[in-house]
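Chain by chain, the residues:
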Amino acid sequence: MGKYKVDSSTTKKIADQKKKQPRFIMKLSKTYPAFIILAAFIALSFLVWDLSEKQVYSDRQLEFDKATISVMSRFELQHQTNLHILHSMTGLYDQLVQVVQDYFHLYGSIPTKTYPSIYSLMYAPIVSGDGLDEFIYNARSGGSYDYDVYPVGKRDLYIPIEIVEPMEPNKIMSGFDLGTKPLIKAAIFKSRDSNKVVASSIFTMRQPDVLGFYLVAPAYNLNSDPKTKEPDHTPANFKGAVIMEVNSELFFEGAMGTGLVGDSSIICQCFEYTDSGKVHLLWESKNARQLSQAYNPLSKDMILDISDRAFLIRFSTVPSFGGGFQNVLPILAFTTSLIVSFIVFAFFMSIITSRTRAIELAERITRSQRRIVDSSADIIATLDSSGTWETMNPASTTIFELEPADMIGTKIDDLFEEEEEAEKFYKDMASKGDNHTERVTYRMKTAGKDLKWINWSFNISKAGHQIYCIGRDVTIEKAVEEHGILRNKQIRLSERFTRESSELKSYSMANLNHQIRNSLTGILGSLNLLLHKVYDNDSEHDSYINDTITNSEELLTFVSSELLEFTSENKAYKELAMINVGSMFENVKTVLKTKCPNTTINFNMPTVLNETTILAENELFHHAVKEIIMSMAVGLKELNLDISVVDNPLEDLTEITMVSKGNPLLAEMISIYKKYRNDLVNALEYDQNDIILNNSGASSNIHILRGTFSVETLGGEEENMVQIALHNKP
């Protein structure tokens, strides 16, 4: 500490020099760019004011247009729904010679209950004056026992309402002659002549003030008379009209529904054109009373076509449309812009005096980031949109055994182990959006042809046509993970083999007990027969037989008690029953639709399979067949499986054979399976897509069912075959 001294005079001298340095901060020659920017920003503030006013008006108009289009769409949708219902009812008369009342009520009850605006659905035929009595008779015969036509009077032509749905609230309409109403009669004949749905004008449907209109659709004879040489849809073949009675107020209110958020900001009014060309108000939304207030609303007139009749829909904005904030938005934008102008001015003044310091700081940060990139053990690089390396850090030397300079300019395709993974990489990069980060793990090659698992983080920049990459070597972690998965599979398969061994041991013991008991029982029976025969009073022979019987009884007692007790305590084998093979395969096919969603599985089965039965346990056999077919479907978009069945009467066996082709991976796994048949647990190390695991499990199940299992392959794209043999008799 004492070796160095601080020269106080030198410190004072430096301080004095700083005081003498000129303060150039407010000099115009140095700061004029900031004042130019200030003037430009002030001019921009006035431009912002003008643009804000125009934008506010544009936004209000756009919001108004969106609200009106939404309402009009619902009006048109409601009308299209009514037309669909009316066409459905008319379709009954296009398909049937005679539509009875029950059919009409059946098809008309749902829409009349669903849509309150539909007061009724009616059918009114054309009846001549001479045929009125016959028509009334037929109507009463059809179920309307008190049916009659009114108003009473002699007329050349009648258009009585024959059927009305719903009937209960509309009984008064049944039998009413629509021909006495010129307005409705004209609409019916207009629909007849045009073969189109026609709308009547608005009229009072129900007293005293229920307004509405009729939608009229023509109905024609099902088959025209060939002698007339007239098409079906001509006035000569017209037989009646299907009519929908629509309440206009409920029609518009139903179309509006509960209303969207934008509906409260507009006022909707519906007008009908009169014969003089004027408009008559039919309906208006509940907020229409606000039109009485003094304000200048946005308004728009639109035409709603209901069949052949046009209605004027007038939309207006409410007084509070757009909110009060929009009115002050231009002033607020102008004020904010001015404030920003002075902030920018101060900012540029600060930049002018600190530019050198900022440049130095940027260089320091850049050097720091460069050191991080160079010292990182992870790949930090960039790719262009075609997959070519643009930059690379030194970590490539450790991970890929390639210098950064050797990798720049090459494509990432060279590092993928499989072409499918390269295709998946480009597909994923093309389908993702800008600034999307994709995290994925690929198996990649090094310069020395070693394989490593690399966990990548790809950040996509669509604007810069670049992909920013960070890659970490996770080979050790992946190996540990795969080893854990392999151990788990081996344990599962070992458990199934243990279960198979236990099942077969229990079955063998039970079978042995059964056979010994049968043999001993036969011996005892034979000896008893010998005992009761006459052998010239040979006492020595009788004594020998008695000793044999005694010993046999002792052996039978041992077998029946001790051995039976052992097998009873260890009886774990499956009780088998006869099951249908065809039904089993159909059930498996249904399950495989969810197990193999990416593969279409087709069974080519003989009809005899549906009549074939085998001795098995339902769940075990189902599971075995499912595992076999899942293995055969691996890697295929479509599996065509040929299934055959052959009975072996000499051994009471049924052999089921399943054959497929065109699956090299399956052929390879079958070869490994056969090679390691006696060591399948360790063969799982070479398993792919659980093919060996599934076949081993299926084999275990078949063995438990006292059957045999075998697999064969011709290799490559040729046939692969699985054969099962099971008993067909108890």
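Residues numbered from 1 in each chain as written. Predicted model: local features only at pLDDT ≥ 70, side-chain atom pairs only at ≥ 80, totals over all residues. Heavy atoms only, no water.

**Student:** Break down the packing of aromatic side chains for me, citing the residues and quoting the values.
**Tutor:** For any two aromatic rings, the description comes down to two numbers: the centre-to-centre distance and the angle of the planes. This model, assessed by the stated rule, comprises 21 aromatic pairs. Measuring from centroid to centroid gives 5.5 Å for Phe-252 and Trp-283, while their planes differ by 15°, and the two rings are stacked. Placement of Phe-252 in helix H6 (residues 248-256) and of Trp-283 in strand S10 (residues 279-284) is noted, with a sequence separation of 31 residues between them. Owing to a relative accessible area of 1%, Phe-252 belongs among the buried residues under this scheme. Owing to a relative accessible area of 7%, Trp-283 belongs among the buried residues under this scheme. One aromatic cluster in this structure is built from Trp-389, Phe-400, Phe-416, Phe-425, Tyr-426, Tyr-442, Trp-456 and Phe-458. (Phe/Tyr/Trp six-rings, centres within 6.5 Å; stacked < 30°, edge-to-face > 60°. Helix = DSSP H or I, 4+ residues; strand = E, 2+ residues; numbered from the N terminus. Buried < 20%, exposed > 50% of the residue type's maximum accessible area, 1.4 Å probe, protein only.)

**Student:** Go over the environment of Glu-611, please, and point to the residues and values.
**Tutor:** Position of Glu-611 among the secondary structure elements: in the loop between strand S19 (600-604) and strand S20 (613-616). Along the chain, Glu-611 and Val-581 lie 30 residues apart, while their C-alpha atoms are 7.7 Å from each other.

**Student:** Tell me what's going on with the layout of surface pockets, and back it up with residues and numbers.
**Tutor:** If you add up the space inside the largest pocket, you get close to 880 Å³. Surrounding the largest pocket, 19 residues form its lining, Arg-443, Trp-453, Glu-482, Asp-687 and Gln-688 being those nearest its centre. Put simply, the parts of the chain that give the lining of the largest pocket at least two residues each are helix H10 (419-431) and helix H11 (475-531). Here the second largest pocket defines a volume of roughly 480 Å³. As for the second largest pocket, its lining consists of 21 residues, of which Gln-98, Tyr-123, Phe-135, Asn-138 and Glu-162 are closest to the centre. Counting only elements with at least two residues in the lining of the second largest pocket, the list comes to strand S1 (118-125), strand S2 (127-128) and helix H4 (132-141). Counting residues per element, the lining of the second largest pocket draws most heavily on H4, which supplies four residues. Counted by class, the lining of the second largest pocket contains 11 nonpolar, seven polar and three charged residues. (1 Å grid on protein atoms, 1.4 Å probe; cavity = no way out; pocket = protein on both sides within 12 Å on 5 of 7 lines; lining within 4 Å. Points joined across faces, edges and corners; volume = space filled by probe spheres on them. Nonpolar A, V, L, I, M, F, W, Y, C, P; charged D, E, K, R; others polar.)

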